[in-house]
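Overview (structure and organization)
Here are the chains, one letter per residue:
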Amino acid sequence: MRLKAGGIRMYCPHCGKKRGENEQFCFSCGKELIPQTRSNRSLSILWRWLPLMMFLFLVSCLSGYYLYEESVTKSAIRSFEKGEELAKKGNFEAAQKEFKEAQKRRAHFPAAEMNINMVATALNVEDTLNQAEKERQQDHYDEALELIRQAEDTTAAYKGEVSSHLQNDIASARTTVMVAELKYDMKGKKSIDELKPVLTRAETLQVDEAQEIASQIRSQLIDFTINEANQFLEENHFTEALNAVDKGLKINKDHEKLSNLKTIIEKRRNSFEEEQQKRIEHAMVVAAKEEEMNRTSAIELTDLKTEITDYDELKVTGQVTSKATVPVNSIGASYKVIDGNGNEFEQGEVYINPDKLYPDDTGKFDFMIYDVGDEVENLEEFTVQIDHFTWYLD
């Protein structure tokens, strides 16, 4: 149908030829013609409902697409959140799988991509720490610490709970290596100068095991100090003996045995310099039996024990009683260590605590023999003999 000024011109819908207004069949093609009024009415109804139908169709499609996208997004988020929980627990391999699954379900997922990179870094750090542990087990401490430093540098750019977890692992690994290195460096050290740097390093580590090592080192340093000072004192080298004690007091300023030893050295020095001749002259004129006893038999050994420690060292403890009638002080006991063959293994002098004993008071002493070592056999057959005592009267 075409509109024309003055009326309507109609055409056959089949062949396109002109047709009359009320004709039922086309004279050109012979096919049935639809009445114009019915055709116009149907087209009018169709055009009226077409926008609504298209709108409903579009809404249906968009709703389905939205529901599908929402389902995919929720699934991706579930995988992402599960990966985060696994990563916080240190299960990085499983976390990596979840993050990759989240990215697979939702390709444009920047947080998942970032966490994939972070977990890959965490796995690399774990591998590096495992290598460091292998180096530690082989006593390659410098190599182990270098690997740990590399792991720390790798995590420097990351923040959050996973990063904190890795930093704790790194700190724990470093402490383990440094404590193991301290134990290794303690072996074979037999002087103050050798052990002091090890003590300084141990004191910087704020962990129980390192502090226990530091305590052991202090104990050894004190014993080394006492032995060194006694050697100087035996040769009347009072200045060197005092210097040795002062080194020990810098390590432990309140150590009772060192303080007592310093007092003994100072008294010995003063006596040696000022009173030696006076004591000789006084001894020559003493005739009284009591005075004689006080100077020759004032100290009696009442107990002497030896014990082998877990480190194959010989520990000696003993007890004395004052038989003098006046107070005595600065009591020293000269000893000899005899091996199983009856040969003299070592000799030295130890001092009694407390420094002053009143009549019938008891005092105690103890010392360690460190230089026995693994080469000595039958350590249980070693004996200790107290050769004589020295003391001063008030």
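Anyway, here's the lowdown on the structure attached to this text. (Residues numbered from 1 in each chain as written. Predicted model: local features only at pLDDT ≥ 70, side-chain atom pairs only at ≥ 80, totals over all residues. Heavy atoms only, no water.)

**Description of the sheet that holds strand β8 (residues 362-369)**
An order of β3-β4-β8 is seen for the three strands of this open sheet, with the pairing classed as antiparallel. Each edge of the sheet is formed by a strand with only one pairing partner; in this case those strands are β3 (299-308) and β8. When strand polarity is set aside, the average angle formed by the axes of neighbouring strands in this sheet is 15°. Relative to β8, strand β4 (residues 314-322) runs antiparallel, the two being bridged by eight bridges. Opposite T321, over in β8, you have T362 as the bridge partner. (Pairing = 2+ DSSP bridges. Helix = DSSP H or I, 4+ residues; strand = E, 2+ residues; numbered from the N terminus. Axes fitted to C-alpha atoms, helices over the stretch in contact; angles between N-to-C directions.)

**Let's talk about the side chain of S334**
Within the fold, S334 resides in strand β5 (residues 328-338). The class of S334 is buried, set by a relative accessible area of 13%. Once you skip the residues sitting within four places of it in the chain, S334 turns out to touch G348, E349, Q385, I386, D387 and H388. (Buried < 20%, exposed > 50% of the residue type's maximum accessible area, 1.4 Å probe, protein only. Contact = heavy atoms within 4.5 Å.)

**Describing the nonpolar core**
Looking at soluble globular proteins, one finds that nonpolar side chains tend to be buried together. One finds F92, L129 and I148 to be the most contacted residues of the largest nonpolar core, which totals 28 residues. The greatest single-element share of this core, amounting to eight residues, is contributed by helix α3 (residues 110-137). (Core = buried A, V, L, I, M, F, W, Y, C linked by side-chain atoms within 4.5 Å.)

**Concerning helix α8 (residues 238-251)**
An ideal rise of 1.5 Å per residue puts 20 Å on 14 residues; α8 measures up with 20 Å between its terminal C-alpha atoms. Taken as a whole, α8 has its buried residues at F238, A241, L242, A244, V245, G248, L249 and I251. Down the axis of α8, the sector holding all buried residues measures 165°, keeping them to one side. (Expected span 1.5 Å × (residues − 1). Arc of directions from axis to C-beta.)

**Section: the side chain of E313**
As for its placement among the helices and strands, E313 is situated in the loop between β3 and β4. Assessed through its relative accessible area of 14%, E313 is described here as buried. Among all residues touching E313, those that are not within four sequence positions of it are E307, I308, M368, I369 and Y370.

**A closer look at the packing of helix α5 (residues 161-186) against helix α6 (residues 192-204)**
Following both chains from N to C, one finds α5 and α6 inclined at 160°, their axes separated by 10 Å at the closest point. In terms of their interaxial angle, α5 and α6 are classed as roughly antiparallel. Of the two possible hands of crossing, α5 and α6 adopt the one that is left-handed. Along its contact with α5, which presents E181, L182, D185 and M186, the element α6 presents V198, R201 and A202. Along the lines of polarity and charge, the residues of the contact of α5 with α6 split into four nonpolar, no polar and three charged. (Parallel < 35°, antiparallel > 145°, perpendicular 65-115°, else oblique. Left-handed = near helix turned anticlockwise from the far one by under 90°. Nonpolar A, V, L, I, M, F, W, Y, C, P; charged D, E, K, R; others polar.)

**What about the environment of S75?**
The residue S75 is located in helix α1 (residues 36-88) in this model. Take S75: its relative accessible area is 13%, and that puts it in the buried class. Considered as a pair, S75 and A102 are 27 residues apart in the sequence and their alpha carbons are 7.4 Å apart.

**Focus: the pattern of salt bridges**
Applying the stated criterion across every chain yields a total of 14 salt bridges. For E181, the salt bridge goes to R201, with nearest N and O atoms at 3.9 Å. Taken as a pair, E181 in helix α5 and R201 in helix α6 lie far apart in primary sequence, 20 residues in all. Residue E181 is classed as buried on the basis of its relative accessible area, which comes to 16%. The salt bridge involving K262 is made with D246; its shortest N-O contact spans 3.1 Å. Separated by 16 residues along the polypeptide, K262 in helix α9 (residues 256-285) and D246 in helix α8 bring together distant segments of the chain. Residue classification places D246 among the partly exposed positions, given a relative accessible area of 29%. (Salt bridge = Lys/Arg side-chain N within 4 Å of Asp/Glu carboxyl O.)

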